[in-house]
Amino acid sequence: IPRESLFSISAWISPRTAGGVQTIISQLGGSNRVRLGDYAFRVSGNKLQFFIRPADANKVQLVSSAADIPVGAWTTVTVVYGIANNEPTAMRLYINGQLDGETVRESNYASTGDAIQLTRVGAAELIVPCDGACKTRFPFNGSIDELMVFDYPLSASEVLTMYQNFDIYKED
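Rules used in this analysis
- Residues numbered from 1 in each chain as written.
- Predicted model: local features only at pLDDT ≥ 70, side-chain atom pairs only at ≥ 80, totals over all residues.
- Heavy atoms only, no water.
- Helix = DSSP H or I, 4+ residues; strand = E, 2+ residues; numbered from the N terminus.
- Buried < 20%, exposed > 50% of the residue type's maximum accessible area, 1.4 Å probe, protein only.
- Contact = heavy atoms within 4.5 Å.
- Core = buried A, V, L, I, M, F, W, Y, C linked by side-chain atoms within 4.5 Å.

> How do you make sense of the environment of Q98 when you look at a structure like this?
Mapped onto the fold, Q98 is located in strand β8 (residues 98-101). Overall, the relative accessible area of 47% leaves Q98 in the partly exposed class. Residues within four places of Q98 in sequence aside, it is in contact with L93 and L160.

Laid out in structure tokens, this is it:
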């Protein structure tokens, strides 16, 4: 999965519950090996979110959707990390083929614990400080289907076409 380059991720999701943090896909490391490009694509509360660590080990760039992700309904979600309006780190979120978030903000998000550096679908395992070694998984409570990772930023028209006519993106 791309980490230090431009990419897009798309999936069909159907959460069973609202609230909390539910990870669709992640690639994260701990403080011993914080890496440029660590990311998580997730539902937080009822909002779609994507964050990526561009450089600073204690900061991430984060974008959230305006619309809520419905519970118990299949929804297509897409994140595009790439060039838009000559901004090399533009991030865009799409829900059912429609642009729904592109305002990027910086957030404190220090990595803690040992390096894990795994790509996980449906979870983001982190070791957080507590009275012992505490693992937090942030599992996705629901279904994830047709997860696709592209090694380039999809255009808005490609995202819409993929939502309207998904079969053309499937391989036999």
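> Honestly, unusual backbone geometry in this entry has me stumped. Any pointers?
Leaving glycine aside, a negative phi is the common case for residues, and trans is the common case for peptide bonds. Phi at N96 takes a positive value of approximately 50 degrees, unusual for a residue other than glycine. Phi is positive for E146, close to 50 degrees, though the residue is something other than glycine. Mapped onto the elements of the fold, E146 is located in strand β13 (residues 142-150). The partly exposed category is assigned to E146, whose relative accessible area is 29%.

> So what exactly am I meant to see when it comes to the nonpolar core here?
Ranked by size, the top nonpolar core spans 21 residues in total, and within it I13, I24, F41, L48 and F50 carry the most contacts. Mapped by element, the contributors of at least two residues to this core are β1 (7-15), β2 (21-28), β3 (39-44), β4 (47-52), β6 (75-84) and β7 (87-95). One finds Y94, F150, L154 and M162 within the second-largest nonpolar core, a separate group that totals 8 residues.

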